[in-house]
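Architecture at a glance
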Amino acid sequence: MAEHDDEWEAGLEDDSSAVLRAVSRQIKLWREAAGMTQGELGAAIGYGEEMVSAVERCKRLPKPEFLDGTDVALGADGKISAMKEDVKQARYPKKVRDLAKLEAKAVERGAYGDHNIDGLLQTEEYARALFAQRRPAYSEEEIDCQTAARLARQEILERKPVPTLTFVQEEVTLRRPIGGRVVLRQQLEHLLEVAQLRHVTIQVMPTVCEEHAGMTGGHRVLKFADGKTLGYAEAQLTSRLISDPKEVQILEMRYGMLRSQALTPRESLAFIEKALGET
């Protein structure tokens, strides 16, 4: 099994719940050591007793301001605040964390999107609208968590050294008003802004194009400094990391053909501007 494949498979059980339980336990221990009730701690940091109880029972995720306020109120001298990064990582779904870890190491990432804008290109409003449409429905807290996780992955856009990022988007993804016309307009404007980055290339696959190498669905190709390449594909209820060299070669070939069949980057920007004007 490849090194990157090992990373993906390591820890089949999601460890986030264990991390959050440890954080909740520490908060409770510090509170009890300080001789404060849940209500007194809540009053001191601007939260209700119910919220403090929910955090200590691991029913709610503590926000950064909750941890900072608790640290000061309990005199923890930074020990509780130091857990913010652990909570930040644990609050994201494991598959998202693993994908973000791989993307952070990639020197090149190519993605073909056939039904919505790629996650690295989404605005917060667009991402939130997508998650709100999920069935069975997410709770508001789950929508917040999923949206935050998606936006966190976008740190790759500003990473140093910069990776090469290419995208092929189906025309329909520029037309479907996810979240409404205002959200779509903001999303199209965002695409035009991101496309100005020198390491980002966005291409559009017009619906009228007769030749199309991506009819089997959306996928991504990740290339690493050590020469390895991985594929990633999502389908109903599942996602799959592809490491078999023969399968990865097929994805690379398909993605290369898609880029050659799509509009050029300059034509694509003009196409997006036209779609924005029509929205």
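Just so you know, these numbers come straight off a predicted model, no measurement behind them.

**Here's the deal with the overall build of the protein**
- Each helix and strand counted, the protein has 13 helices and 6 strands in total.
- In terms of its C-alpha atoms, the protein occupies a principal-axis envelope of roughly 70 × 45 × 35 Å.
- Of all 279 residues assigned to the protein, the portion counted as buried reaches 44%.
- Long-range pairs, those at least 24 residues apart, make up 72% of the contacts in the protein between residues at least 6 apart in sequence.
- Accessible area of the protein: about 14800 Å², with a carbon and sulfur share of 52%.
- Once the 39 positive and 46 negative side-chain charges of the protein are each reduced to a mean point, those two points are 1 Å apart.

**With respect to the layout of surface pockets**
- Volume-wise, the largest pocket comes out at about 1500 Å³.
- Lining of the largest pocket is provided by 38 residues; of these, His115, Phe131, Arg150, Glu234 and Ala235 occupy positions nearest its centre.
- Broken down by secondary-structure element, the contributors of at least two residues to the lining of the largest pocket are helix 7 (94–105), strand 1 (106–113), helix 8 (124–132), helix 9 (140–153), strand 4 (219–224), strand 5 (229–235) and strand 6 (238–242).
- Looking at the lining of the largest pocket residue by residue, the class counts come to 16 nonpolar, 12 polar and 10 charged.

**A word on helix 5 (residues 64–73)**
- Within the sequence span of helix 5, burial applies to Phe66, Leu67, Thr70 and Asp71. For helix 5, the angular spread of the buried residues around the axis is 130°, confining them to a single face.
- Of the residues trailing helix 5, Gly75 is marked for its positive phi of about 60°.

**Things to note about the nonpolar core**
- Phe167, Leu174, Leu188, Leu191, Ile202 and Ile272 are the most contacted members of the largest nonpolar core, which totals 27 residues.
- Counting only elements with at least two residues in this core, the list comes to helix 8, strand 2 (164–170), helix 11 (181–194), strand 3 (200–205) and helix 13 (265–278).
- No other element matches the 6 residues that helix 11 contributes to this core.
- For Leu174, the residues in contact, after removing those within four places along its chain, are Ile117, Leu184, Leu188, Leu191, Val204, Phe271 and Ile272.
- Membership of the second largest hydrophobic core comes to 16 residues, among which are Ile27, Ile45, Val52 and Leu67.

**With respect to the sheet that holds strand 3**
- Taken in spatial order, the 6 strands line up as 3-2-1-4-5-6 in an open sheet, and their pairing is mixed. A single partner strand is all that each edge strand has here, and the edge strands are strand 3 and strand 6. Taking the axes of each pair of neighbouring strands and ignoring which way they run, one obtains an average angle of 15° across the sheet.
- Pairing analysis gives 6 bridges linking strand 1 to strand 2, with the strands arranged parallel. The residue bridging Ala111 from the neighbouring strand is Phe167, located in strand 2.

**Brief notes about the confidence of the model for the protein**
- Mean pLDDT over the protein stands at 90; residues scoring 70 or higher make up 92%.
- The low-confidence segment residues 5–13, where pLDDT is below 50, has 17 contacts with residues more than four positions distant or belonging to other chains.

**Describing the packing of aromatic side chains**
- In this structure the tally under the stated criterion is 2 aromatic pairs.
- Aromatic pair Tyr47 and Phe66: ring centres 5.1 Å apart, planes at 65°, arrangement edge-to-face. Residue Tyr47 is located in the loop between helix 3 (38–45) and helix 4 (49–56), and its partner Phe66 is located in helix 5; the two are separated by 19 residues in the primary sequence.
- For Tyr47, a relative accessible area of 23% translates into the label partly exposed.
- If you follow Arg134 out to its NZ or CZ, it ends over the ring of Tyr138, 4.3 Å from the centre.

Basis of the calculations
Residues numbered from 1 in each chain as written. Predicted model: local features only at pLDDT ≥ 70, side-chain atom pairs only at ≥ 80, totals over all residues. Heavy atoms only, no water. Helix = DSSP H or I, 4+ residues; strand = E, 2+ residues; numbered from the N terminus. Buried < 20%, exposed > 50% of the residue type's maximum accessible area, 1.4 Å probe, protein only. Contact = heavy atoms within 4.5 Å. Areas by Shrake-Rupley, 256 points an atom, 1.4 Å probe, with all protein chains shown as cover. Lys, Arg positive; Asp, Glu negative; His and termini not counted. Charge placed at Lys NZ, Arg CZ, Asp CG, Glu CD. 1 Å grid on protein atoms, 1.4 Å probe; cavity = no way out; pocket = protein on both sides within 12 Å on 5 of 7 lines; lining within 4 Å. Points joined across faces, edges and corners; volume = space filled by probe spheres on them. Nonpolar A, V, L, I, M, F, W, Y, C, P; charged D, E, K, R; others polar. Arc of directions from axis to C-beta. Core = buried A, V, L, I, M, F, W, Y, C linked by side-chain atoms within 4.5 Å. Pairing = 2+ DSSP bridges. Axes fitted to C-alpha atoms, helices over the stretch in contact; angles between N-to-C directions. pLDDT = per-residue confidence, 0-100. Phe/Tyr/Trp six-rings, centres within 6.5 Å; stacked < 30°, edge-to-face > 60°. Lys NZ or Arg CZ within 6 Å of the ring centre and 35° of its normal.

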